[in-house]
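Here are the chains, one letter per residue:
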Amino acid sequence: MSNKMWGGRFGAKPDPIMEEINASIDFDRQLYRQDIAASKAHAAMLAKTGIITAKDAKRIVHGLDTILSEIEAGKFVFKRALEDIHMNVESRLEELIGPAAGRLHTARSRNDQVATDLRLWVRDRIDGIDAALAAYQRALAEKALAHAATVMPGFTHLQTAQPVTFGHHLLAYVEMAARDRGRFADARARLNESPLGAAALAGTSFPIDRALTAATLGFARPMANSLDAVADRDFVLETLAAGAIAAVHLSRFAAEIVLWSSPLVGFIGLSDRFTTGSSIMPQKRNPDAAELVRAKAGRIVGALTALFAVMKGLPLAYQKDLQEDKEGVIDALGALKLSVDAMTGMVRDMEPDVARMRHAAGEGYATATDLADWLTRALDLPFREAHRVTGRIVAKAAAAGVALDKLPLAAMKAVEPRITKAVFDVLAVGESVKSRTVYGGTAPKNVAAQAKRWLKRLQKGA
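Keep in mind that this is a model prediction, so the values were computed, not measured. (Residues numbered from 1 in each chain as written. Predicted model: local features only at pLDDT ≥ 70, side-chain atom pairs only at ≥ 80, totals over all residues. Heavy atoms only, no water.)

A. Quick look at the overall build of the chain. Each helix and strand counted, the chain has 18 helices and six strands in total. Rg of the C-alpha trace for the chain: 30 Å, well past the compact-globule value of 23 Å for 462 residues, more than 25% over. A burial count over the chain gives 47% of its 462 residues as buried. Long-range contacts, defined as pairs at least 24 residues apart, comprise 74% of the intrachain contacts of the chain with a sequence gap of at least 6. Just so you have it, the chain exposes about 22000 Å², and 56% of that area is on carbon and sulfur atoms. (Helix = DSSP H or I, 4+ residues; strand = E, 2+ residues; numbered from the N terminus. Rg over C-alpha atoms; globule rule 2.2 N^0.38 Å. Buried < 20%, exposed > 50% of the residue type's maximum accessible area, 1.4 Å probe, protein only. Contact = heavy atoms within 4.5 Å. Areas by Shrake-Rupley, 256 points an atom, 1.4 Å probe, with all protein chains shown as cover.)

Structure, rendered in structure tokens:
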């Protein structure tokens with residue numbers, strides 16, 4: 001027996017392999033809330049425009065509410081033979097209310113139906129991810145405020161560069177998350193148009209009110225071109241692009257957490273809540289949550305790449321290839337939300353080893369740039385000359401096996417006779433970070449002010 005949704009044309013049952021490759025219910029069942037909401041809006045519009053009776057619309061809406069309750073209670077039986085969420089819902093609706101269920105599909109197609117459902121689902125997921133990113137920012141800003149003056153080494157090329165503060169480092173990720181939220185907001189604004197009413201590809205001859213269904217579903221407007229409405233997946237690509245960038249940001253921080261929590265570095269500790277042990281080595285405390293966040297970025301980037309590959313050769317309008325748009329984005333946005341939540345937990349959980357960070361900040365001649373700057377200010381040396389002089393002084397300190405602030409003044413004067421003992425005022429790591437008062441710099445007062453501004457902004461946004 002053929003699928004009864006198109007039984008008028010087909011008389012034979014599909015091959016089991018065809019049924020297997022064609023079914024999407026295993027993943028698109030996650031769109032059930034959006035599918036039912038869009039169907040209720042469509043039924044109400046059909047009744048208001050006189051296309052179906054108010055009585056039929058009322059029965060349809062009641063049946064859809066029953067289905068929603070069944071799914072949420074775990075009592076709904078999904079059937080793979082019905083392929084997707086749309087046909088599963090419609091089939092159950094017919095069981096509940098009889099022939100009136102068949103009127104629901106008037107003036108629509110599964111093409112505009114799935115495009116509408118997916119836009120609604122992606123929009124909902126963006127809202128959830130935005131809230132998660134805001135919580136992540138708050139955790140970072142609170143920790144940054146608490147450690148506005150905690151000195152640590154800053155790195156370039158993973159080599160000690162200049163002292164910074166732990167709070168300043170954390171605020172860098174607040175800024176990244178803000179850009180991530182901006183990209184998601186932009187994607188949300190562009191996706192917020194309704195495909196419903198575009199039908200299969202050409203629109204419909206029924207006198208429907210697309211503006212009404214758009215408004216009912218919270219869309220800004222109906223999409224202006226019926227071909228574009230059913231064929232476009234820009235909104236998925238753009239959302240995945242925003243997600244991929246956000247995942248890369250999370251992955252970079254996760255990589256630092258892995259590095260910092262290693263006993264070789266020892267900058268931070270994570271509690272039992274965000275670490276695991278070893279089945280053979282009793283002493284181990286593994287930063288598995290951070291490692292998994294780092295790994296999940298690959299899945300999210302991969303989903304974006306996969307959908308680009310699907311879309312690149314598709315002519316207008318709808319093609320079955322577009323069924324491949326959902327599984328990747330469902331998985332990717334789920335992985336991203338979990339990653340954000342995990343990073344938020346780790347930020348709140350981590351405890352820096354303040355003494356170890358400060359000691360490390362003084363290693364590797366991290367205040368050499370401060371010495372060069374002092375030579376430029378105090379002795380009026382051109383910076384390139386100051387850079388050369390500083391290099392020679394660093395070489396002397398390295399040869400003696402001492403830090404810059406422990407090198408005798410006489411050794412410095414042997415390189416540049418005009419150096420005075422005032423130079424030692426800039427060679428301590430604490431003084432170094434205090435001097436970086438330029439806007440965006442690592443001075444503790446800057447960091448505290450920025451953290452407070454972020455917390456105020458996040459509170460206002462909430």
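B. The side chain of Thr 116, seen in detail. Mapped onto the fold, Thr 116 is located in helix H6 (residues 110-146). Taking the relative accessible area as the measure of exposure, Thr 116 reaches 0% and is therefore buried. When neighbours within four sequence positions are excluded, Thr 116 is seen to be in contact with Ala 38, Pro 195, Leu 196, Leu 217 and Phe 219.

C. Up close: the pairing of strand S1 (residues 151-156). Here S1 pairs with strand S2 (residues 159-165) via six bridges, running antiparallel. Bridge assignment links Pro 153 to a residue of S2, and that residue is Pro 163. Between S1 and the antiparallel strand that follows it, S2, lie two residues; His 157 among them carries a positive phi value of about 60°. (Pairing = 2+ DSSP bridges.)

D. Seen up close, the packing of helix H10 (residues 234-261) against helix H11 (residues 288-311). Between H10 and H11, the shortest axis-to-axis distance is 8 Å and the interhelical angle comes to 155°. Here H11 runs roughly antiparallel to H10, going by the angle between their axes. Handedness of the H10/H11 crossing: left-handed. (Axes fitted to C-alpha atoms, helices over the stretch in contact; angles between N-to-C directions. Parallel < 35°, antiparallel > 145°, perpendicular 65-115°, else oblique. Left-handed = near helix turned anticlockwise from the far one by under 90°.)

E. Quick peek at helix H18 (residues 444-461). For H18, built from 18 residues, the straight-helix expectation of 26 Å at 1.5 Å per residue is met to within 8% by its first-to-last C-alpha distance of 25 Å. As for H18, its buried residues are in contact with H6, S2, helix H7 (166-191) and helix H17 (429-435). (Expected span 1.5 Å × (residues − 1).)

F. Examining the pattern of salt bridges more closely. Summed over the entire model, instances satisfying the criterion amount to 28 salt bridges. In this structure, Lys 40 and Asp 65 form a salt bridge, with 2.8 Å as the shortest nitrogen-oxygen distance. Residue Lys 40 is located in helix H3 (residues 32-48), and its partner Asp 65 is located in helix H4 (residues 54-72); the two are separated by 25 residues in the primary sequence. Its salt-bridge partner being Asp 272, residue Arg 285 comes within 2.6 Å of it at the nearest N-O pair. (Salt bridge = Lys/Arg side-chain N within 4 Å of Asp/Glu carboxyl O.)

G. Region of interest: the side chain of Gln 113. With respect to the secondary-structure elements, Gln 113 resides in helix H6. There is a polar contact of 3.0 Å between the side chain of Gln 113 and the side chain of Asp 35. Among residues more than four places away in sequence, those in contact with Gln 113 are Asp 35, Ser 39, His 86, His 105 and Arg 108. (Polar contact = N/O pair within 3.5 Å; in protein donor to acceptor, adjacent residues only side chain to side chain.)

H. Structural view of the nonpolar core. Judged by nonpolar contacts, the single largest core of 75 residues is most densely connected at Tyr 136, Phe 253, Ile 257, Leu 336, Met 343 and Met 346. Broken down by secondary-structure element, the contributors of at least two residues to this core are H6, H7, H10, H11, helix H12 (324-349), helix H13 (354-361) and H18. In contact with Phe 253, other than residues within four places in its own chain, are Tyr 136, Leu 140, Leu 170, Tyr 173, Trp 260, Met 343, Val 347 and Met 350. Ranked by size, the runner-up nonpolar core spans 22 residues in total, among them Leu 64, Ile 71, Val 89 and Ala 107. (Core = buried A, V, L, I, M, F, W, Y, C linked by side-chain atoms within 4.5 Å.)

I. Focus on a nonpolar patch on the surface. There is a patch of nonpolar side chains on the surface, built from Phe 155, Leu 158 and Leu 259 and spanning about 280 Å² of accessible area. In this structure, Leu 259 sits in helix H10. Leu 259 sits in the partly exposed class, given a relative accessible area of 36%. (Patch = residues over 30% accessible without salt bridge, like charges linked within 9 Å, V, L, I, M, F, W, Y side chains within 5 Å.)

J. Broad picture of unusual backbone geometry. In the segment running from Leu 316 into Ala 317, the intervening peptide bond is cis, with an omega of 5°. Positioned with a positive phi, Ala 199 is a non-glycine residue whose angle comes to about 60°. Looking at where Ala 199 falls in the secondary structure, it is placed in the loop between strand S3 (193-194) and helix H8 (210-216). Of note, Asp 380 is a non-glycine position whose phi angle comes to about 60°, a positive value. Note that Asp 380 resides in the loop between helix H14 (368-379) and helix H15 (383-400).

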